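Remarks on the overall topology
This is what each chain is made of:
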Amino acid sequence: MITKKKILLKEFARILSGVYEKTDPDGEIAYLQTKDCTDIVITKYASRVLQTPKMQKYLLQDGDILFASKGVNYLSVVFHGQEKAVASTSFFVIRLKSPVVTPEYLCWFLRQPSVRAYFKSNQAGSATPLIHKPAVENLEIPVPSLEEQKTIVAIARLSKREMELQQAIIEKKQAIVQQLLMNKIK
């Protein structure tokens, strides 16, 4: 068994807080909240904020990782800048400052059950639990080679796609069986 090097997240990334801003339907910048994210960021339906000098410093960059710091879903998603956007205070923005890991690998790692358990044990509050910045900064990240990181991400994507296809097959089979049964009683 090969032991992988582990590095604290804060050693290769900056953890930034999201911004609180009043929304404005005429705003030019997408204001991302957890409801705007699943496995991808969907800016199309996001609330908007006005472009002000304050917002400039909070603009997301391609490859930033949005990590939900509030709630219990521990959502993490890579931002690929389709348009100008800022993250709300529901998120920490993880901005890589070193190419030692890819954003996709780090996002995959943040979604792992053991990491979710780590965050659960480090959350504060009960009504709306939240993760404090030091818990994110001090997370140990195993760092395989960039090639291995790309392989891990590719396999994870394929596995997810396989599950989606299996679910679609199950649903189609159920529909066919239901139709055959209905045809029998007509």
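Residues numbered from 1 in each chain as written. Predicted model: local features only at pLDDT ≥ 70, side-chain atom pairs only at ≥ 80, totals over all residues. Heavy atoms only, no water.

Observations concerning the overall build of the chain
As a reminder of what qualifies: Under the DSSP-based scheme used, a helix requires at least four consecutive residues in state H or I and a strand at least two consecutive residues in state E, with every element numbered from the N terminus. For the radius of gyration, the atom set is restricted to C-alpha positions; the globular benchmark scales as 2.2 Å times the number of residues to the power 0.38. Using a 1.4 Å probe on the protein chains alone, a residue whose accessible area is under 20% of its type maximum counts as buried, one over 50% counts as exposed, and one in between counts as partly exposed. Working definition of accessibility: Shrake-Rupley area with a 1.4 Å probe, residue cover restricted to the visible protein chains. His is not counted, nor are the chain ends; Lys and Arg add positive charge and Asp and Glu add negative charge. We put the charge of a Lys on NZ, of an Arg on CZ, of an Asp on CG and of a Glu on CD.
Within the chain, the secondary structure is distributed over 5 helices and 11 strands. The C-alpha atoms of the chain give 20 Å as radius of gyration, which overshoots the globular expectation for 186 residues (16 Å, by more than 25%). Its C-alpha atoms give the chain principal-axis dimensions of about 70 × 55 × 35 Å. Residues counted as buried form 36% of the 186 residues belonging to the chain. On the chain, roughly 11400 Å² of surface is accessible, and the fraction owed to carbon and sulfur atoms is 58%. One way to put it: in the chain the 27 positive side-chain charges average out to a point 4 Å from where the 18 negative ones average out.

Structural notes on the UniProt feature "domain: Type I restriction modification DNA specificity" (unreviewed entry) in the chain
Selection criterion: UniProt positions are given in the numbering used here, feature names are shortened, and annotations may be inferred rather than shown by experiment.
UniProt records the feature "domain: Type I restriction modification DNA specificity" (unreviewed entry) at residues 25-156, using the numbering of this structure. Secondary structure within residues 25-156 divides into 28% helix and 23% strand; the distance between the first and last C-alpha atoms comes to 37 Å.

Focus on the pairing of strand 8 (residues 91-96)
Where we set the bar: At least two bridges found by DSSP between two strands is the condition for calling them paired.
Of all 6 residues that make up strand 8, 5 are buried, and the element is covered over most of its length. The pairing of strand 2 (residues 13-17) with strand 8 spans 5 bridges and is classified as antiparallel. From the neighbouring strand, Ile15 faces strand 8, where its bridge partner is Ile94. Bridge count for strand 5 (residues 65-68) against strand 8 is 4 bridges, and the pairing is antiparallel. Looking across to strand 8, one finds that Leu66 is bridged to Val93.

Section: the packing of aromatic side chains
Here is the rule: Two aromatic rings from Phe, Tyr or Trp, using only the six-membered ring of Trp, form a pair when their centres are within 6.5 Å; if the ring planes differ by under 30 degrees the pair is stacked, by over 60 it is edge-to-face, and anything between is tilted.
For the coordinates displayed, the defined rule picks out 4 aromatic pairs. One aromatic cluster is present, built from ring pairs that chain together Phe67, Tyr74, Tyr118 and Phe119.

Focus on the environment of Lys6
Which entries qualify depends on this criterion: When checking whether two residues touch, look at their non-hydrogen atoms; a contact exists if any pair is within 4.5 Å.
Looking at the secondary structure, you find Lys6 in strand 1 (residues 5-8). Assessed through its relative accessible area of 53%, Lys6 is described here as exposed. A C-alpha to C-alpha distance of 5.2 Å links Lys6 and Ile141, two positions 135 residues apart in sequence. Not counting residues up to four positions away in its chain, the partners in contact with Lys6 are Glu140, Ile141 and Pro142.

Considering a nonpolar patch on the surface
This is how the line gets drawn: Each patch is built from residues lacking any salt bridge and having more than 30% relative accessible area; the joining distance is 9 Å for like charges and 5 Å for nonpolar side chains (Val, Leu, Ile, Met, Phe, Trp, Tyr). Here, a salt bridge means any Lys or Arg side-chain nitrogen found within 4 Å of an Asp or Glu carboxyl oxygen.
On the surface, Ile40, Ile42 and Tyr45 cluster together into a nonpolar patch covering about 330 Å² of accessible area. Overall, the relative accessible area of 33% leaves Ile42 in the partly exposed class.

Focus on the pairing of strand 3 (residues 29-32)
Neither face of strand 3 is exposed, since Ile29 and Tyr31 on one face and Ala30 and Leu32 on the opposite face are all buried. Relative to strand 4 (residues 47-49), strand 3 runs antiparallel, the two being bridged by 3 bridges. For Ile29, the partnering residue across the bridge sits in strand 4 and is Val49. Bridging between strand 3 and strand 7 (residues 85-87) involves 3 bridges; their strand directions are parallel. Across the sheet, residue Tyr31 finds its bridge partner in strand 7, namely Val86.

So, the side chain of Ser69
Along the polypeptide, Ser69 turns up in the loop between strand 5 and strand 6 (76-78). Those residues within four positions of Ser69 in sequence are excluded, and the remaining contacts are Thr89, Ser90, Phe91, Phe92, Pro129, Leu130 and Ile131.

Looking at the environment of Ile94
Within the fold, Ile94 resides in strand 8. Along the chain, Ile94 and Leu60 lie 34 residues apart, while their C-alpha atoms are 10.0 Å from each other. When residues no more than four places from it in sequence are discounted, the contact partners of Ile94 are Leu9, Ala13, Arg14, Ile15, Asp64, Ile65, Phe67, Leu106, Leu110 and Val136.

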